[in-house]
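Listed here are the chains, written in short residue letters.
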Amino acid sequence: MAPGHFLMGSPPDEPEREDDEVQHEVTLSRGFWLADTACTQALWQAVTGANPSEFQDDVRNPVENVSWDDVQTFLSELNRRVPGLQARLPSEAEWEYACRAGTTTPFSFGDNITPEQVNYDGNYPYAGGEKGLYRQKTVPVGSLPANPWGLYEMHGNVWEWCADWYGDYPNTPQVDPTGPQTGDSRVLRGGSWNFNGRHARCALRYGYVPGYRYLLFGFRFAPGQSGPAEPAGRVSEKSLAEPATLRSGPAEPAPTARLAGSGGTPPTLTERIKRWFKDR
């Protein structure tokens, strides 16, 4: 993602908004990389030798049942084993900026969503939308449409941990915000497979204690820097040995599925790193 400016939070007239979504101006002065999918079970297992997930029918499913603390341990080991990766969790502001992908609507797809776009509980649609499919589980990463910047499942599937402590938003413009200095809960974003449609909105915030594991909680990481820094870009993977493509703006239209070895489609970041481990 390139450096940019956006309105974080939701406007007062957005349906089904929460009180903690106070809209405020945010400037991200430095670009950052972000994985195009949530971390998969395959990568987690390649790094840790274990799979804590509830839904293990497909290793391409996002890893879940992981706490914020677990993720920090995982990233430390990943960075140790892949020199130069410098993976970290995105800040809450970086996450929302990437989720919105230049849009100002409740979802990057527009004013509403369907289960064909997002994995959520279709029995509880957003703002008068039609009821739809409730899958009752996660789906493989990259199997639903990407947002305008080529990022998959930013809405639904699993809640994604962010780096920040959860706290009240400021009312004044912010530059490169990183949240409160201390707190009791870490930020989760994006909604999940068994939450209502409204929880998948770009602005929806949730917080939970960092040591808690749940089958709804996963993450995606921001590789390339120990903290937000240039260059900017979405991670688009070909092989671990090749440099990832940088994006200075919206990514090119992406396929609705990123399955390893399917018709020459490039693997996701997590698949790319897992293959690197396998070859060692």
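Residues numbered from 1 in each chain as written. Predicted model: local features only at pLDDT ≥ 70, side-chain atom pairs only at ≥ 80, totals over all residues. Heavy atoms only, no water.

Here the focus is the nonpolar core. Taken as a class, soluble globular proteins show a tendency for nonpolar side chains to be buried jointly. In terms of nonpolar packing, the biggest core is built from 26 residues, with Phe-74, Leu-75, Leu-78, Trp-161 and Phe-219 touching the most fellow members. The dominant element in this core, judged by the number of residues it contributes, is helix H2 (residues 68-81), at five residues. Apart from residues lying up to four places away in sequence, Phe-74 is in contact with Cys-39, Leu-43, Trp-44, Val-47, Thr-48 and Phe-219. Within the second largest apolar cluster, 21 residues are counted, among which are Phe-6, Ala-93, Cys-202 and Ala-222. (Core = buried A, V, L, I, M, F, W, Y, C linked by side-chain atoms within 4.5 Å. Buried < 20%, exposed > 50% of the residue type's maximum accessible area, 1.4 Å probe, protein only. Helix = DSSP H or I, 4+ residues; strand = E, 2+ residues; numbered from the N terminus. Contact = heavy atoms within 4.5 Å.)

Residue placement: Asp-36 occurs in the loop between strand E3 (33-34) and helix H1 (41-48). Distance in space between the C-alpha atoms of Asp-36 and Val-141 is 9.2 Å, their sequence separation being 105 residues.

All right, on to H2 then. The end-to-end C-alpha distance of H2, which contains 14 residues, comes to 20 Å, matching closely the 20 Å that a straight helix rising 1.5 Å per residue would cover. The complete set of buried residues in H2 reads Trp-68, Asp-70, Val-71, Phe-74, Leu-75 and Leu-78. For H2, the angular spread of the buried residues around the axis is 145°, confining them to a single face. Exposed and oriented more than 90 degrees from the buried face of H2 are Thr-73 and Arg-80. (Expected span 1.5 Å × (residues − 1). Arc of directions from axis to C-beta.)

Within the structure shown, the criterion is met by 15 salt bridges. The residue Asp-176 makes a salt bridge to Arg-30 at a minimum N-O spacing of 3.8 Å. In this pair, Asp-176 is assigned in the loop between strand E5 (174-175) and strand E6 (186-189) and Arg-30 in the loop between strand E2 (24-28) and E3, connecting sequence segments 146 residues apart. The exposure class assigned to Arg-30 is partly exposed, which follows from its relative accessible area of 37%. Ionic pairing is found between Arg-213 and Asp-70, a salt bridge with its closest N-O pair at 2.6 Å. One end of the pair, Arg-213, is in the loop between strand E7 (205-208) and strand E8 (217-218); the other, Asp-70, is in helix H2, and 143 residues separate them in sequence. Among the ionic contacts, a cluster of salt bridges with common partners joins Glu-92, Glu-96, Arg-100, Arg-189 and Arg-205. (Salt bridge = Lys/Arg side-chain N within 4 Å of Asp/Glu carboxyl O.)

What follows is about the sheet that holds strand E1 (residues 4-8). Sheet architecture is open: three strands sit in the order E1-E2-E5, paired in mixed fashion. Both outer strands of the open sheet, E1 and E5, are each paired with one neighbouring strand and no more. (Pairing = 2+ DSSP bridges.)

A separate point is the sheet that holds E8. With mixed pairing, four strands are arranged side by side in an open sheet as E7-E6-E4-E8. Lying at the two open borders of the sheet, with one neighbouring strand each, are E7 and E8.

What follows concerns H1. Of the positions making up H1, those classed as buried are Gln-41, Ala-42, Leu-43, Trp-44 and Val-47. A positive backbone phi angle near 80° is found at Gly-49, which sits one or two residues after H1.

So, about the packing of H1 against H2. Working note: a packed helix pair is described by the angle between its axes plus the distance between those axes. Relative orientation of the contacting elements H1 and H2 amounts to 70°, with a least axis distance of 10 Å. The pairing of H1 with H2 is recorded here as roughly perpendicular in orientation. Relative to H2, the crossing made by H1 is left-handed. Within the contact between the two elements, H1 uses Leu-43, Trp-44, Ala-46, Val-47 and Thr-48 and H2 uses Asp-70, Val-71, Phe-74, Glu-77, Leu-78 and Arg-81. Looking at the contact of H1 with H2 residue by residue, the classes come out as seven nonpolar, one polar and three charged. (Axes fitted to C-alpha atoms, helices over the stretch in contact; angles between N-to-C directions. Parallel < 35°, antiparallel > 145°, perpendicular 65-115°, else oblique. Left-handed = near helix turned anticlockwise from the far one by under 90°. Nonpolar A, V, L, I, M, F, W, Y, C, P; charged D, E, K, R; others polar.)

For the rest of this paragraph, the subject is the confidence of the model for the protein chain. Per-residue confidence for the protein chain gives a mean pLDDT of 86, with 80% of residues at or over 70. Counting interchain partners and residues more than four positions distant, the pLDDT-below-50 stretch residues 227-266 has 110 contacts. (pLDDT = per-residue confidence, 0-100.)

Take a nonpolar patch on the surface next. On the surface, a cluster of nonpolar side chains totalling about 240 Å² of accessible area is made up of Val-209, Tyr-212 and Tyr-214. With respect to the helices and strands, the residue Tyr-212 is situated in the loop between E7 and E8. According to the relative accessible area criterion, Tyr-212 is partly exposed, its value standing at 33%. (Patch = residues over 30% accessible without salt bridge, like charges linked within 9 Å, V, L, I, M, F, W, Y side chains within 5 Å. Areas by Shrake-Rupley, 256 points an atom, 1.4 Å probe, with all protein chains shown as cover.)

All chains considered together, the criterion is met by 18 aromatic pairs. With 5.3 Å between their ring centres and 75° between their planes, Trp-161 and Phe-217 make a pair best called edge-to-face. Here Phe-217 lies in strand E8 and Trp-161 lies in strand E4 (residues 159-165), a separation of 56 residues in the sequence. For Trp-161, a relative accessible area of 0% corresponds to the buried category. (Phe/Tyr/Trp six-rings, centres within 6.5 Å; stacked < 30°, edge-to-face > 60°.)

Once that is clear, we can look at the environment of Glu-130. Take Glu-130: it is sitting in the loop between helix H3 (92-100) and E4. On the basis of relative accessibility, which here comes to 71%, the residue Glu-130 falls in the exposed class. Along the backbone, Glu-130 and Thr-114 are 16 residues apart, and their C-alpha atoms lie at a distance of 8.1 Å.

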